[in-house]
Protein chains: 2
Amino acid sequence: MKALQEKIRREGKVLSETILKVDSFLNHQIDANFMLEVGKEFANRFKDEKITKIVTIETSGIAPAMATAVCLDVPLVFAKKTKGSTMDKEIYVSQVKSFTKGIVYHINIAKEFINKQDKILVIDDFLAYGHALLGLKNIIKESGAQLVGAGIVIEKGFQGGGKELRDAGIRVESLAIIERMGKEGIVFQE
Amino acid sequence: MKALQEKIRREGKVLSETILKVDSFLNHQIDANFMLEVGKEFANRFKDEKITKIVTIETSGIAPAMATAVCLDVPLVFAKKTKGSTMDKEIYVSQVKSFTKGIVYHINIAKEFINKQDKILVIDDFLAYGHALLGLKNIIKESGAQLVGAGIVIEKGFQGGGKELRDAGIRVESLAIIERMGKEGIVFQE
């Protein structure tokens, strides 16, 4: 998605060879109408898949997931990183290792919101080592639903998660794949 | 908003006289197209106010805020409950007491994303005692921006936050105000 590559170049801040900050349109401030374009793009790429539900992880996945859900006219479910006080005991839980935060956390989805009739599209803001996606994959497998694919806004190609997931047979559609980055700027995979 | 009252009656679970669970369309699973209707309603109520930015708090505020931002064609900023590893040092911080979780937490907004030219509409999923909104109000005041008003999906009228904020001169537009609830069901303020 050319417009996304341009936006990353214009607004993104390369903090190191592994960390890209896109707080101006994706992770803190959200460019709502641009996010709607992102949602349209995902919806278009998966339009023939009869998706019944979008699944993401709080927090930064919610905006692109919401945009995609609106375009596909399906609900979205966001996995919670903490069990809320009003959350049922009937939940799927999986473990996720966070690259940016250097911690292990659990993601939780109430069983009532995914079932084996569902054809699920996972949406997330970043794909690095793929741990978040693997966590969701485990939950989706346990529920008996079908994981149709994953739509990723920005994939850090050099961290290998995308390759691993594609090798495992998952359709991963990333709107921008960063091959490498550093002081010289960002090189996208074309 | 009649459709919202009906949805709360149909899908909401009254867990006690103070706790309403709306995980099927607002706080865990999100009814994306219904949320877009919510956004249209907020956008319509504040359409003459020349809003430049939507502000909310992660996590459950993001979906209605995103919908409103799309309808008003402005960006949204979500306050973070933790300082992310890539977050600048230049941030506004305020303290918030959570009713449902019984804890005190801090909300953080990077200074670069609000400034004194901004006319801000705050959007949130719930209004109970009003602490989250007061926290955002403090940050907005510190930034020099103008707090135009607040759009709330569900106000628990009996917990007094709405009254306190309106008494303080803030325009609060709640799409559904619960007067009381319990085993007999939910009574809305008309």
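## Side note on the nonpolar core
Grouped burial of nonpolar side chains is what soluble globular proteins tend to show. Residues M66 of chain A together with M66 of chain B are the most contacted members of the largest nonpolar core, which totals 76 residues. Not counting residues within four places of it along the chain, the set of residues in contact with M66 of chain B comprises I30, A32, M35, L36, A63, M66 and A67 of chain A together with L76 of chain B.

## Some words on empty space enclosed by the protein
In this approach the atoms are scanned with a rolling probe the size of a water molecule, which exposes any empty space left behind. All told, the structure shown has one cavity of 30 Å³ or more when counted by the stated rule. There is about 40 Å³ of room inside the largest cavity. Along the walls of the largest cavity sit L36, M66, A67 and V70 of chain A together with L36, M66, A67 and V70 of chain B, which together make up its complete lining. Counting residues per element, the ones that place at least two in the lining of the largest cavity are α3 (62-72) of chain A together with α3 (62-72) of chain B.

## Quick look at the sheet that holds strand β3 (residues 29-30) of chain A
The sheet built from seven strands is open, its strands ordered β3(A)-β5(B)-β4(B)-β8(B)-β9(B)-β10(B)-β11(B) with mixed pairing. Both edges of this open sheet fall to β3 of chain A together with β11 (185-188) of chain B, since each of them pairs with a single strand only. One ladder, built from six bridges, connects strand β9 (residues 146-156) of chain B with strand β10 (residues 172-182) of chain B; its direction is parallel. Residue pairing in the sheet places I152 of chain B in a bridge with S174 of chain B of β10 of chain B. Sheet strands touched by helix α1 (residues 2-11) of chain B: β9, β10 and β11 of chain B. Its angle to β11 of chain B, the strand with the most contacts, is close to 165°. Packing against the sheet, helix α2 (residues 32-45) of chain B makes contact with β8 (119-127), β9 and β10 of chain B, and its axis sits at approximately 125° to β10 of chain B.

The rules behind these values
Residues numbered from 1 in each chain as written. Chains lettered and ligands numbered in written order. Predicted model: local features only at pLDDT ≥ 70, side-chain atom pairs only at ≥ 80, totals over all residues. Heavy atoms only, no water. Core = buried A, V, L, I, M, F, W, Y, C linked by side-chain atoms within 4.5 Å. Buried < 20%, exposed > 50% of the residue type's maximum accessible area, 1.4 Å probe, protein only. Contact = heavy atoms within 4.5 Å. 1 Å grid on protein atoms, 1.4 Å probe; cavity = no way out; pocket = protein on both sides within 12 Å on 5 of 7 lines; lining within 4 Å. Points joined across faces, edges and corners; volume = space filled by probe spheres on them. Helix = DSSP H or I, 4+ residues; strand = E, 2+ residues; numbered from the N terminus. Pairing = 2+ DSSP bridges. Axes fitted to C-alpha atoms, helices over the stretch in contact; angles between N-to-C directions.

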